[in-house]
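Spelled out from the first residue to the last, the chains are:
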Amino acid sequence: MKSVFTVTEADLYDALIDTRYDLHVTDITDAARAEKYLEKLYGRHIAVTGGEAFAEGSASLFKPRYSDGDLIHVMRALTGEGGCPWDRAQTHGSIRKNAIEEAYELCDAIDAGDVGGMREETGDILLQALFHCDIAERAGEFTRLDVVDELVRKLVTRHTHIFGEDRADDEAQALERWEAAKAKEKHAETLESKLARIPDTFPALLKLQKTLKKLVEAGLVNDAEERSARDLLICACGALKSGADIEPDLIREVNALAAAFTSGKITKVSELK
């Protein structure tokens, strides 16, 4: 017997609908809205009659519109027995750089105001997340359901001003509540533990900005002479001319600054030797 998913209109817009299966929608009060949404899901017009709608599903890989279920199905086909040799051979490490590249491409589309590009690159980032879930599930590490559970749990427990008793009257207070809940969750009350969570795999300038922000919040005096972006560019060119590999060198200097401050050897940036 073919599976039929039944849902009321009240739950239709929040439910994850797998369009490979038949859908029965009941208690429809806004026919126009329901028809528009169903067309978005199934890629064809589905009429509402007598407060109900019935959409026939399709497991075909060639149809006008795909759903979350199709995405999972296709991914499993690619990485399962008899699937794509390249996809099956990938590991967390082999596709590590892909997530970084896709994130930069999404940022580029955002900066350009390219909505079509944003849609495509967001999909590519989603693919990377799903790929890691698939690799992990086959290795017995974790599953997609584990990832969703942990993500939702994080959103709920860290928004204490929404799902708890805290209040946040503006954006700054909301961020403060998030950081406080995060610190409690991670047991990150110390500066050292906060710094340790800033990855060395960050671009060097981003790591510098995040590290320096936390150090200044902790009392480091930033008495460095103000320089223009042009000055920094000239310094970078000089370093390259000397044969330096700027990215790892800067990461090392950032870590040295953090270590010197947390060990009590310096209190000001200018004291760093």
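Refer to the structure printed above.
First, a word on what this report is: a plain description of the structure on this page. (Residues numbered from 1 in each chain as written. Predicted model: local features only at pLDDT ≥ 70, side-chain atom pairs only at ≥ 80, totals over all residues. Heavy atoms only, no water.)

For the rest of this paragraph, the subject is the packing of aromatic side chains. By the definition in use, this model includes two aromatic pairs. Look at Tyr-13 and Tyr-37: their rings are 5.0 Å apart centre to centre, the planes differ by 80°, and that puts the pair in the edge-to-face class. Highlighted residues: Tyr-13 in the loop between α1 (9-12) and β2 (22-26) and Tyr-37 in helix α2 (residues 31-42), separated in sequence by 24 residues. Exposure remark for Tyr-37: the relative accessible area of 25% places this residue in the partly exposed category. Ring plane angle 65° and centroid distance 6.3 Å describe the contact between Trp-86 and Phe-131, whose orientation is recorded as edge-to-face. (Phe/Tyr/Trp six-rings, centres within 6.5 Å; stacked < 30°, edge-to-face > 60°. Helix = DSSP H or I, 4+ residues; strand = E, 2+ residues; numbered from the N terminus. Buried < 20%, exposed > 50% of the residue type's maximum accessible area, 1.4 Å probe, protein only.)

If you look at the biggest cluster of nonpolar residues, it comprises 15 residues, and the most contacted ones within it are Leu-12, Leu-23, Val-25, Leu-38, Tyr-42 and Ala-53. Put simply, the parts of the chain that give this core at least two residues each are β2, α2 and β3 (53-55). Aside from chain neighbours lying at most four places away, what touches Leu-12 is Val-7, Ile-17, Leu-23, Val-25, Tyr-37 and Leu-38. With twelve residues, the next largest nonpolar core counts Leu-191, Leu-195, Leu-212 and Leu-257 among its residues. (Core = buried A, V, L, I, M, F, W, Y, C linked by side-chain atoms within 4.5 Å. Contact = heavy atoms within 4.5 Å.)

Summed over the entire model, instances satisfying the criterion amount to twelve salt bridges. In this structure, Asp-149 and Arg-153 form a salt bridge, with 2.8 Å as the shortest nitrogen-oxygen distance. With Asp-149 and Arg-153 both in helix α7 (residues 144-158) and four residues apart, this pair spans about one turn of that helix. A salt bridge links Arg-252 to Asp-249; the nearest nitrogen and oxygen atoms lie 2.1 Å apart. Of this pair, Arg-252 and Asp-249 both sit in helix α13 (residues 246-262), three residues apart, which is roughly one turn of that helix. (Salt bridge = Lys/Arg side-chain N within 4 Å of Asp/Glu carboxyl O.)

The end-to-end C-alpha distance of α2 is 16 Å, a good match for the 16 Å that twelve residues give at a rise of 1.5 Å each. Three or more residues of α2 are buried, namely Ala-34, Glu-35, Leu-38, Leu-41 and Tyr-42. Projected down its long axis, α2 carries its buried residues within an arc of 125°, all on one side. Along α2, exposed side chains directed more than 90 degrees from the buried face belong to Ala-32, Lys-36 and Lys-40. Of the surrounding secondary structure, the elements contacted by the buried residues of α2 are α1, β2 and β3. Once α2 ends, the next one or two residues include Gly-43, with phi positive near 75°. (Expected span 1.5 Å × (residues − 1). Arc of directions from axis to C-beta.)

Next up on the list: helix α5 (residues 96-112). Between its first and last C-alpha atoms α5 spans 26 Å; for 17 residues at 1.5 Å apiece the expected length is 24 Å, and the two agree. Those residues of α5 that fall on the buried side of the exposure criterion are Asn-98, Glu-102, Leu-106 and Ala-109. Along the long axis of α5, the arc covered by the buried residues comes to 70°, so they all point the same way. The exposed set on the far side of α5, more than 90 degrees from its buried face, consists of Asp-108 and Asp-111. Elements that come into contact with the buried residues of α5 comprise α6 (115-139). Taken from the residues just after α5, Gly-113 is the one with a positive phi, measuring 65°.

Before going further, it helps to examine the sheet that holds β2. For sheets, the rule is that strands pair by backbone hydrogen bonds, running either parallel or antiparallel. Strands sit in the order β1-β2-β3 across an open sheet of three strands; the sheet is mixed. On the outer flanks of this sheet lie β1 (4-8) and β3, each paired with one strand and no other. Going across the sheet, the axis of each strand differs from the next one's by a mean of 15°, ignoring polarity. As judged from the five bridges shared by β1 and β2, these two strands associate in the parallel manner. Bridge assignment links Thr-8 to a residue of β2, and that residue is Thr-26. The strands that α2 touches are β2 and β3; relative to β2, the one it contacts most, it runs at about 170°. (Pairing = 2+ DSSP bridges. Axes fitted to C-alpha atoms, helices over the stretch in contact; angles between N-to-C directions.)

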